[in-house]
Amino acid sequence: MRNKAEVVIIGGGITGCGVAYNLAKMGLTDVVLVEKNFLSSGATGRCGGGIRQQFTTEWNIKLAMESVKRFEKMNDELDIDIEYEQGGYLVITDDEKELEEFKKNVKLQNKLGLDSKLITPSEAKEIVPYLNEDNILGATFCQSDGHAYPFRVVQGYAKKAKEMGVEINKFTEVKSIKKEDNKIKSVVTDRGEIKTNIVVNAAGAYSREIAGMIGVEMPNKPFRHEILATERYKHILDPMIISFKYGIYFSQQKHGEIVGGIGDPDEPSSYNIKSSLKFVERFTSVLGKIVPAFKNLNIVRQWAGFYDVTPDAKPILGYTEGIDTLIQANGYSGHGFMVAPRVTELIAELIVDGKTSMPIDELNLKRFEGETVGEVYVVG
Amino acid sequence: MKIVCRCEDVTEEEIIEAIDQGYTTLDELKKHLRVGTGPCQGRTCLKVIEKMLAKKLGKTIDDLKKTTVRPPLKPLPLYIYGDEDEE
């Protein structure tokens, strides 16, 4: 392992590997990435792989749209099959108030150039023949939304970064970070010390622990989110179906399995990552109302991962007040994978050019000292 | 050609190639090749793959990083998990 680097990235998920790739692409290859487990072992490798652009804030919509442009070219750019499919996202509701919100959101999304639209229950049934349209009032649909295989995207980023000269160290755990007069000096791992000036904190749900190593307090909290996969079936579902009200999402992957989850509003913040029976019961109960026939599918596997949640459900990006060369890239609150292609480019720009092509100032850690407007479209 | 993972049709050669590419744990092989993620839940193949990994890496099976066994032990239809709203 190298003992010095211009930049040390902590975390080998979509964010860390994406930053490594984009730094190298911009010509900065004196970079070492450290990951305590295997690449994508955390939230990235455990998530549903959904790629959605239907958000409620201008910044998130733009970021997601820019990311989709990059996902569309990724197979060629990374020379790997990321199993990307644009089957759309069908956002359903049975609630009049929520339907009114949908209208407002679609207006904003259309203004920004997104191809989302409001549709009737019978139009939704044309997209998903198994849908029980009696249980919904309306929906929004965006054809260019979709999903990919997160593990593969991470492998692609890491492989290309390595080819360009970045060192990627998996199974390497950060033990401490040394500083002098508020300047970072080195990162100490269980496999040796790396002298560096700049650290990127891309440790997902463990970011607050990493920041804590040099006395920086962060508001991020880990929350367990459970997920399951069925056996493989012939193609029966095009879009990802989600409901913000019930917190459910599910889609059919390229290999045929249905993967889905449901959030639990009563889940306390913790590092508990065990699977529960209660989750499958809740998932099945809501699934049965939306697509009754899917209750006959066989579940083959369930697991869990962490949402790295901030008080306003928006990520924490950029410099850290007090220790400028600690760059934050965490707090995605359950939608990190889908915006990573663009976010990691912005983080790389910040490091290489000192400025970004899209403003990220309002996502700085210090925003939590004042008032902030939250993203409400969080699912799962 | 020897099939190691029967649920996902993965051969011995593909597994050896993946280990050579740097997928050196059961978790990574599961994600890369889908071995052990089919209906048999890895009952047939994971023991064989552990042996292959240990041999390739010059380690004992006990030294290898373990993979988490995911519920359910056998595929089950979702409806048997019940639905409180149903009669």
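Residues numbered from 1 in each chain as written. Chains lettered and ligands numbered in written order. Predicted model: local features only at pLDDT ≥ 70, side-chain atom pairs only at ≥ 80, totals over all residues. Heavy atoms only, no water.

(A) Geometry of the sheet that holds strand S15 (residues 248-252) of chain A. Spatially, S5(A)-S6(A)-S4(A)-S14(A)-S15(A)-S16(A)-S13(A)-S17(A)-S3(B) is the arrangement adopted by the nine strands of the open sheet, whose pairing is mixed. Each end of this open sheet is capped by a strand with a single partner; those strands are strand S5 (116-119) of chain A together with strand S3 (76-77) of chain B. Contacts from helix H4 (residues 96-111) of chain A reach strand S4 (89-93), S5 and strand S6 (138-142) of chain A within the one sheet, and its direction differs from that of S5 of chain A by about 150 degrees. (Pairing = 2+ DSSP bridges. Helix = DSSP H or I, 4+ residues; strand = E, 2+ residues; numbered from the N terminus. Contact = heavy atoms within 4.5 Å. Axes fitted to C-alpha atoms, helices over the stretch in contact; angles between N-to-C directions.)

(B) Empty space enclosed by the protein, seen in detail. Under the criterion given, the structure shown has one cavity of 30 Å³ or more. Approximately 30 Å³ is the volume found for the largest cavity. Of the residues contributing to the lining of the largest cavity, the split by class is seven nonpolar, one polar and no charged. (1 Å grid on protein atoms, 1.4 Å probe; cavity = no way out; pocket = protein on both sides within 12 Å on 5 of 7 lines; lining within 4 Å. Points joined across faces, edges and corners; volume = space filled by probe spheres on them. Nonpolar A, V, L, I, M, F, W, Y, C, P; charged D, E, K, R; others polar.)

(C) Broad picture of the packing of helix H1 (residues 14-25) of chain A against helix H9 (residues 340-353) of chain A. All names here are of chain A. Where H1 meets H9, the axes come as close as 8 Å, and the angle between the chain directions of the two elements is 55 degrees. By the angle class used here, H1 and H9 are oblique. Seen along the crossing, H1 lies across H9 with a hand that is right-handed. Between H1 and H9, the residues in contact are Ile14, Thr15, Gly18, Val19, Asn22 and Leu23 and Ala340, Pro341, Thr344, Glu345, Ile347, Ala348, Ile351 and Val352, respectively. (Parallel < 35°, antiparallel > 145°, perpendicular 65-115°, else oblique. Left-handed = near helix turned anticlockwise from the far one by under 90°.)

(D) Inspection of the layout of surface pockets at higher detail. In this structure, the second largest pocket encloses a volume near 810 Å³. Lining the second largest pocket are 39 residues, with Gly45, Arg301 and Trp303 of chain A together with Lys31 and Arg70 of chain B positioned closest to its centre. Counting only elements with at least two residues in the lining of the second largest pocket, the list comes to helix H2 (43-46), strand S16 (257-262) and strand S17 (298-309) of chain A together with helix H2 (26-33) of chain B. A per-class count over the lining of the second largest pocket returns 12 nonpolar, 13 polar and 14 charged. Both of domain 1 (7-46 + 151-220 + 312-369) and domain 2 (86-144 + 223-308) of chain A provide at least three residues apiece to the lining of the second largest pocket. (Domains from an automatic or database assignment.)

(E) Structural context of the domain arrangement of chain A. Residue and element names in this part refer to chain A. We note that the domain assignment places domain 1 (7-46 + 151-220 + 312-369) and domain 2 (86-144 + 223-308) within chain A. Taking only C-alpha atoms, the centre of domain 1 and the centre of domain 2 are 30 Å apart. Counting residues at the interface gives 15 residues for domain 1 and 10 residues for domain 2. Together, the buried faces of domain 1 and domain 2 total about 960 Å²; carbon and sulfur atoms form 50% of this surface. It is Arg46, Ala205 and Tyr206 in domain 1 that bury the most area against domain 2; as a group they hold 52% of the surface buried on that side. (Buried area = accessible area lost by both parts, 1.4 Å probe.)

(F) Seen up close, the interface of chain A and chain B. Contacts between the two partners involve 33 residues from chain A and, on the opposite side, 29 residues from chain B. Between chain A and chain B, a total of about 2,700 Å² is buried, with carbon and sulfur atoms accounting for 54% of that surface. Between the two partners, chain A and chain B, sit three salt bridges. Note that Glu8 of chain B is salt-bridged to Arg232 of chain A, the shortest N-O span being 2.1 Å. Linking chain A with chain B are 15 residue pairs in polar contact (both at pLDDT 80 or more), by the criterion used here. Breaking the side of chain A that touches chain B down by element, the ones donating at least two residues are H2, helix H6 (150-164), strand S13 (221-232), helix H8 (277-290) and S17 of chain A. Counting residues per element, the side of chain A that touches chain B draws most heavily on H8 of chain A, which supplies seven residues. Considered class by class, the residues forming the side of chain A that touches chain B number 13 nonpolar, 10 polar and 10 charged. (Salt bridge = Lys/Arg side-chain N within 4 Å of Asp/Glu carboxyl O. Polar contact = N/O pair within 3.5 Å; in protein donor to acceptor, adjacent residues only side chain to side chain.)

(G) Expanded view of the side chain of Ser333 of chain A. Residue and element names in this part refer to chain A. Assignment of secondary structure puts Ser333 in the loop between strand S19 (323-330) and H9. In terms of polar contacts, Ser333 uses its side chain to reach the backbone amide nitrogen of Thr310, at 3.2 Å. Not counting residues up to four positions away in its chain, the partners in contact with Ser333 are Tyr307, Asp308, Val309, Thr310, Ala313, Lys314 and Val378.

(H) Fine view of the packing of helix H3 (residues 58-78) of chain A against H6 of chain A. All names here are of chain A. For the pair H3 and H6, the least separation of the axes is 10 Å and the interaxial angle reads 45 degrees. With respect to their mutual orientation, H3 and H6 come out oblique. The interaxial crossing formed by H3 with H6 has left-handed handedness. Between H3 and H6, the contacting residues are Phe71, Met74, Glu77 and Leu78 on the first element and Val153, Gly156, Tyr157, Lys159 and Lys160 on the second. Among the residues making up the contact of H3 with H6, the classes are represented as five nonpolar, one polar and three charged.

(I) Representation of the packing of aromatic side chains within the structure. Residues and elements named next belong to chain A. Applying the stated criterion across every chain yields a total of 12 aromatic pairs over all chains. Taking 5.2 Å as the distance between ring centres and 35 degrees as the angle between the ring planes, the aromatic pair formed by Tyr21 and Tyr157 counts as tilted. Of the two residues, Tyr21 is situated in helix H1 and Tyr157 in helix H6; the sequence distance between them amounts to 136 residues. The exposure class assigned to Tyr21 is buried, which follows from its relative accessible area of 5%. The interplanar angle of 85 degrees and the centroid separation of 5.5 Å between the aromatic rings of Tyr271 and Phe306 together place this pair among those described as edge-to-face. Note that Tyr271 is positioned in the loop between S16 and H8 and Phe306 in strand S17, a separation of 35 residues in sequence. A relative accessible area of 9% means that Phe306 is categorised as buried. Members of the aromatic cluster, joined through ring pairs, are Tyr130, Phe250, Phe279, Phe283 and Phe294. The ring centre of Tyr206 lies 3.8 Å from the NZ or CZ of Lys36, which sits over that ring. Looking at Arg52, its charged tip hangs above the ring of Phe55, at a distance of 4.4 Å from the centre. (Phe/Tyr/Trp six-rings, centres within 6.5 Å; stacked < 30°, edge-to-face > 60°. Buried < 20%, exposed > 50% of the residue type's maximum accessible area, 1.4 Å probe, protein only. Lys NZ or Arg CZ within 6 Å of the ring centre and 35° of its normal.)

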